[in-house]
Amino acid sequence: MSSELPYRPCVGLMLLNPQGQVFVGKRIDQTVEGWQMPQGGIDAGEDARTAALRELKEETGTDKAEIIAEMEDWITYDLPAHLIGIAFHGRYRGQRQKWFALRFLGEDRDIDICAHEPEFAEWKWVDMEALPSLIVPFKRDSYAAVIKGFRGLKP
């Protein structure tokens, strides 16, 4: 059944501060502790780049950033079996993500995770290599691919 469901078209954002650390937020809606980089769906008729900048503003409350890299390939992940039919209103089996790296041009006080409908309870900057240990297990391979794609970028 899950193989009949499509992947949700989505963008992911690696927001880098001047020290090369990555923005992560603690999801507001999870019972297990899970941190993640901003991400979100691509609206009908919206291109990935526009979606990335919109999601940045919605999830971090700031637009003080510029895109510095885009992964060539899309990355997909499947939801674990117990979430299929529940997550994403039961319409998708996982996500197909286009990832962007962004240079943060503001200051920490410019970030306001409550500016829009909050998705994060709190946020912090972390070293890129720490990302896989912070994310929920079913997204770890995706995060490893993103790190490989953006490792070495100058913020």
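The following refers to the structure shown. Along each chain, residues carry numbers from 1 onward, in the same order as the chain's sequence is written. With the structure being a predicted model, the display of local features is reserved for residues of pLDDT at least 70 and the display and counting of side-chain atom pairs for 80 or more, all residues being used for whole-chain, interface and lining totals. Excluded from the side-chain calculations are hydrogens and water; all other atoms, namely the structure's heavy atoms, are used.

A word on the overall build of the chain
Convention followed: In DSSP terms, a helix is any run of H or I states spanning at least four residues, a strand is any run of E spanning at least two, and both are numbered starting from the N terminus. With a 1.4 Å probe rolled over the protein chains alone, any residue whose accessible area is under 20% of its type maximum counts as buried; one over 50% counts as exposed, and the rest are partly exposed.
Broken down by element type, the chain carries 3 helices and 8 strands. Across the chain, helices and strands are ordered from the amino to the carboxyl terminus as β-β-β-β-α-β-β-β-β-α-α. The dimensions of the chain, computed from C-alpha atoms along their principal axes, are 45 × 35 × 30 Å. Across the 155 residues that make up the chain, the buried fraction comes to 45%.

Some remarks on the environment of Lys57
Just so we agree on the cut-off: In what follows, a contact means two residues having at least one pair of non-hydrogen atoms within 4.5 Å.
You can see Lys57 is positioned in helix 1 (residues 48–60). Spatially, the C-alpha atoms of Lys57 and Ile113 are 9.2 Å apart, while their sequence positions differ by 56 residues. If we ignore the near neighbours within four places in the chain, the residues touching Lys57 are Thr62 and Asp63.

Things to note about the environment of Val146
Summarising the element assignment, Val146 is placed in helix 3 (residues 140–150). According to the relative accessible area criterion, Val146 is buried, its value standing at 0%. For Val146 and Ala101, which are 45 residues apart along the polypeptide, the C-alpha to C-alpha distance reads 9.2 Å. Residue contacts for Val146: discarding those within four places in its chain leaves Met14, Met37, Met71, Ile75 and Trp99.

Description of the environment of Asp110
How we decide: We define a polar contact as two N or O atoms separated by no more than 3.5 Å, with the added condition that, inside protein, one atom must be a possible hydrogen donor and the other a possible acceptor, whereas residues neighbouring each other in sequence contribute only through side-chain atom pairs.
Mapped onto the elements of the fold, Asp110 is located in the loop between strand 7 (94–104) and strand 8 (120–126). At 2.7 Å, the side chain of Asp110 forms a polar contact with the backbone nitrogen of Glu107.

Describing the nonpolar core
Our working rule: Nonpolar core, defined: a set of buried Ala, Val, Leu, Ile, Met, Phe, Trp, Tyr and Cys residues in which side-chain atoms within 4.5 Å join the residues together.
Residues Met14, Met37, Trp99, Leu131, Val146 and Phe150 are the most contacted members of the largest nonpolar core, which totals 20 residues. Among the elements of the structure, strand 1 (7–16), strand 2 (22–27), strand 7 and helix 3 are those that each provide at least two residues to this core. Ranked by the residues each element gives to this core, the list is headed by helix 3, at 4 residues. Those residues within four positions of Leu131 in sequence are excluded, and the remaining contacts are Met14, Val22, Val24, Met37, Val126, Tyr143 and Ile147.

Topic: helix 1
As a reminder of what qualifies: One less than the number of residues in a helix, times 1.5 Å, gives the span that helix is expected to have.
Between its first and last C-alpha atoms helix 1 spans 18 Å; for 13 residues at 1.5 Å apiece the expected length is 18 Å, and the two agree. All of the buried residues along helix 1 are Ala48, Ala51, Ala52, Arg54, Glu55, Leu56, Glu59 and Thr60. Among the structural elements, strand 1, strand 2, strand 4 (39–41), strand 5 (65–70), strand 7 and strand 8 are those in contact with the buried residues of helix 1. Two residues or fewer after helix 1 comes Gly61, characterised by a positive phi angle close to 75°.

A short note on the packing of aromatic side chains
The following threshold applies: Aromatic pairing here means that ring centres of Phe, Tyr or Trp (its six-membered ring) are within 6.5 Å. Orientation follows from the plane angle: under 30 degrees is stacked, over 60 is edge-to-face, and everything else is tilted.
A complete count under the given rule lists 7 aromatic pairs for this structure. Ring plane angle 80° and centroid distance 6.0 Å describe the contact between Phe23 and Trp125, whose orientation is recorded as edge-to-face. Linking Phe23 in strand 2 with Trp125 in strand 8, this pair joins segments that are 102 residues apart in sequence. An angle of 40° between the planes, with centres 5.6 Å apart, marks the rings of Phe104 and Trp125 as tilted. Here the residue Phe104 occupies a position in strand 7, and Trp125 occupies one in strand 8, the gap between them amounting to 21 residues. Using a relative accessible area of 14% as the deciding quantity, one classes Trp125 as buried.

Keep in mind these values describe shape, not function.
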